[in-house]
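# Per-entry structural report
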Amino acid sequence: GWSQLSAVSVLTPGEAYWIDVEDAVTIPLFEPSPAGPVTLTYQAGWQFLGDPFEVSLPISSITGSTLITACYSYGPQWSVIDMSTGVLEPGKGYWVQLSAPTTLTLKRP
């Protein structure tokens, strides 16, 4: 879900974080990326999701993805991600709309 970084002490693989900085910074990501599946539980509505792996993750491979009704990315402008052919890229966050509460399971491609 949506969290303010100042309120988060540990970053969770698969969750995405919106970080607002004034100057260029380097933020270390998970190393190594998770070997096994990553399971995330979300409420219905808009949620923030990320790819916890170092390779692209097809949306269609996510268990529970049938409840994702829309997916958007940003940078440098908003883009709609196609649900049948789209992929999540490592190090990026995606706004996803869920039609019902669900558990999403992301497996390394």
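Let me sum up the structure you'll find in this document. The model shown is predicted, which means the values in this text are computed figures rather than measured ones.

Along the backbone of the protein chain there are 0 helices and 8 strands. Within the protein chain, the fraction of its 109 residues that count as buried is 31%. The contacts in the protein chain between residues at least 6 apart in sequence include a share of 72% that link residues at least 24 apart. Accessible area of the protein chain: about 6,600 Å², with a carbon and sulfur share of 55%.

Here we come to the nonpolar core. Ranked by internal contacts, the top residues of the largest apolar core, which has 17 residues, are L49, I62, C71, L88, L104 and L106. Listed by contribution, the elements that provide at least two residues to this core are β1 (38-42), β4 (68-74), β7 (93-98) and β8 (102-106). Once residues lying within four places of it in the same chain are set aside, the contact partners of L106 are P37, V38, L40, L49, G50, P52, F53, L57 and I62.

Attention now goes to the pattern of salt bridges. Enumeration according to the criterion identifies 1 salt bridge in this entry. Residue R108 pairs with E54 through a salt bridge whose shortest N-O separation is 2.9 Å. Of this pair, R108 sits in the segment after β8 while E54 sits in the loop between β2 (45-50) and β3 (57-58), and the two are 54 residues apart along the sequence. Of the residues examined, R108 reaches a relative accessible area of 30% and is grouped as partly exposed.

In this section: the pairing of β4. Strand direction decides the pairing type here: β4 and β7, joined by 4 bridges, are antiparallel. Residue C71 lies in a different strand from β7, and its bridge partner there is V96. Linking β4 back to strand β5 (residues 78-80) in an antiparallel pair, the connection comprises 3 residues, with G75 at a positive phi of about 135°.

Strand order in the open sheet made by the 4 strands is β2-β7-β4-β5, with antiparallel pairing throughout. The two strands at the open ends of the sheet, each matched to only one other strand, are β2 and β5. On average, each strand axis in the sheet is inclined to that of its neighbour by 30°, with strand direction left out of account. Of the pairings in the sheet, the one linking β4 to β5 comprises 3 bridges and is antiparallel in character. Residue S73 lies in a different strand from β5, and its bridge partner there is S79.

Next up on the list: the environment of Q47. Residue position: Q47 is located in strand β2. Here Q47 falls in the buried class, since its relative accessible area comes to 11%. Between the alpha carbons of Q47 and E15 there is a distance of 9.1 Å; along the sequence they are 32 residues apart. Reaching out from Q47, the side chain makes a polar contact with the backbone oxygen of Q43 at a distance of 3.3 Å.

The rules we used
- Residues numbered from 1 in each chain as written.
- Predicted model: local features only at pLDDT ≥ 70, side-chain atom pairs only at ≥ 80, totals over all residues.
- Heavy atoms only, no water.
- Helix = DSSP H or I, 4+ residues; strand = E, 2+ residues; numbered from the N terminus.
- Buried < 20%, exposed > 50% of the residue type's maximum accessible area, 1.4 Å probe, protein only.
- Contact = heavy atoms within 4.5 Å.
- Areas by Shrake-Rupley, 256 points an atom, 1.4 Å probe, with all protein chains shown as cover.
- Core = buried A, V, L, I, M, F, W, Y, C linked by side-chain atoms within 4.5 Å.
- Salt bridge = Lys/Arg side-chain N within 4 Å of Asp/Glu carboxyl O.
- Pairing = 2+ DSSP bridges.
- Axes fitted to C-alpha atoms, helices over the stretch in contact; angles between N-to-C directions.
- Polar contact = N/O pair within 3.5 Å; in protein donor to acceptor, adjacent residues only side chain to side chain.

By themselves, these are just geometric observations and shouldn't be taken as functional.
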